[in-house]
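# Architecture and fold: a report
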Amino acid sequence: MGIKIEEITPVRGVHIKEATSGDLINIPRKFWQTLLYRHNVIVIDPVSLNKEQYIHLCCKFGCPWKESLYDLHQEDIGHDGIIKWSDQGELGKRSLPWHVDNSWHPRWRHPIRVLYAISIPDSQSGVLHHLDLTTLYGRLPDSEKKWLSGFKVLIQNFKNQQIRHWYPLVQRNPVTGKKGLNITAMDLDVNIFGLKKEPDYVSGNTFLLEVCSDQGEKLPLEYLAEYIQKSMELRHCHFFRPWSPGMIQVISNLDGVHTRTRISDGLGERLHWRKTMAHDFQAQQDFNGTYTEKINEAEDVR
């Protein structure tokens, strides 16, 4: 095995270089999961994978969502079980604000996402940026941490805005135990990277609606925007890698946020394969036989 594994920063991100499809498949599942939860984001240099290999690799990180879970997002996974994530779909070419995937669902929040680039007409646009939210929290005064622990956030399903749930503002990563703020897409227009609205911004895509305490104290969303700005200013907490065909990015979604810059117009379709995976601590309670079968499948070849 001739692959190279390098930290992108000491806080967030790991880069896999010079890997073949066989290398990726042969790495044991436990190693992949340890790498993901330690670094939160894995970036793999371009590699050629067929659909079977891609799905096999995805199963190294968690358990594939059932079709019924994709139905909640009104997404068609097709006969091969892969979402074709295109800039000609619902979200188009516009930028996406700092967010966490599927942040509203009580049972299936913050899943693992595995993105595989198929067609990238312009590598300098549509770039995913990743940001750690735990480092700044760890540096806050104890008095501010105690104050923040009294707040909760109201998060909605942006595709069915009648579905809303309250969650603690301060969240704990169930794997690592690290704490940070529960921040996702907000309806804000501030001069901060990843939060500046574009002319074609769709307010219905908002997840996070308000922050308040049981005593009725409201926390302005601008406080969360400032938290993001300060996190970006910290060394090692923010990174990005421009896409190229064949590149893979794996996102844990547990203690950080990501944003996408706007995609250039007029250069042809931009396309990724995308699989959504339940974390093991979610899947082992609900997937039963399917879960066990998928783990075994991922361990067939070491």
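Our focus in this paragraph is the packing of aromatic side chains. All chains considered together, the criterion is met by eight aromatic pairs. Summarising the aromatic geometry, the rings of Y54 and W273 are spaced 5.6 Å apart at their centres and angled 55 degrees between planes, so their arrangement reads as tilted. Taken together, the residues Y54 in helix α3 (residues 51–58) and W273 in strand β17 (residues 271–278) connect sequence positions 219 residues apart. Residue Y54 is classed as buried on the basis of its relative accessible area of 0%.

This part covers the sheet that holds strand β6 (residues 96–99). The strand order across the open sheet built from four strands is β6-β16-β8-β14, with neighbouring strands paired in antiparallel fashion. Looking at the sheet topology across the chains shown, the edges are occupied by β6 and β14 (238–240). Neighbour-to-neighbour, the strand axes of this sheet turn through a mean angle of 15 degrees, independent of strand direction. Relative to strand β16 (residues 256–260), strand β8 (residues 128–132) runs antiparallel, the two being bridged by five bridges. Each bridged residue has a counterpart across the sheet, and for D132 the counterpart in β16 is G256. Running at roughly 95 degrees to β8, helix α7 (residues 221–233) makes contact with β6, β8 and β14 of the sheet.

Residue placement: F61 occurs in the loop between α3 and β4 (63–64). Other than its neighbours up to four places away in sequence, F61 contacts R29, W32, Q33, L36, I42, I112, V114 and V250.

A few words now on the confidence of the model for the protein. Model confidence for the protein is summarised by a mean pLDDT of 89, while 91% of its residues fall at 70 or above. Low pLDDT, under 50, characterises residues 288–302; the predicted model gives this stretch 23 contacts beyond four residues in sequence or across chains.

Ranked by internal contacts, the top residues of the largest apolar core, which has 39 residues, are L169, L181, M186, V211 and L224. Going through the elements one at a time, α5 (134–139), β9 (151–157), β13 (208–213) and α7 are the ones with two or more residues in this core. The element contributing the most residues to this core is α7, with seven residues. In this view, L169 contacts L148, F151, K152, V153, G180, L181, N182, V211, L219 and L224; residues no more than four positions away in its chain are not counted. Within the second largest apolar cluster, 30 residues are counted, among which are L35, Y116, I248 and W273.

This paragraph deals with the pattern of salt bridges. Within this structure, the stated rule accounts for 14 salt bridges. Between D255 and R12 there is a salt bridge, and its shortest N-O distance comes to 3.5 Å. Linking D255 in the loop between β15 (248–251) and β16 with R12 in the loop between β1 (4–7) and β2 (14–17), this pair joins segments that are 243 residues apart in sequence. Accessibility assignment for this pair places D255 and R12 in one class, buried.

With that settled, consider the side chain of H129. Here H129 shows up in strand β8. Overall, the relative accessible area of 8% leaves H129 in the buried class. There is a polar contact of 2.9 Å between the side chain of H129 and the side chain of H238.

Criteria and cut-off values
Residues numbered from 1 in each chain as written. Predicted model: local features only at pLDDT ≥ 70, side-chain atom pairs only at ≥ 80, totals over all residues. Heavy atoms only, no water. Phe/Tyr/Trp six-rings, centres within 6.5 Å; stacked < 30°, edge-to-face > 60°. Helix = DSSP H or I, 4+ residues; strand = E, 2+ residues; numbered from the N terminus. Buried < 20%, exposed > 50% of the residue type's maximum accessible area, 1.4 Å probe, protein only. Pairing = 2+ DSSP bridges. Axes fitted to C-alpha atoms, helices over the stretch in contact; angles between N-to-C directions. Contact = heavy atoms within 4.5 Å. pLDDT = per-residue confidence, 0-100. Core = buried A, V, L, I, M, F, W, Y, C linked by side-chain atoms within 4.5 Å. Salt bridge = Lys/Arg side-chain N within 4 Å of Asp/Glu carboxyl O. Polar contact = N/O pair within 3.5 Å; in protein donor to acceptor, adjacent residues only side chain to side chain.

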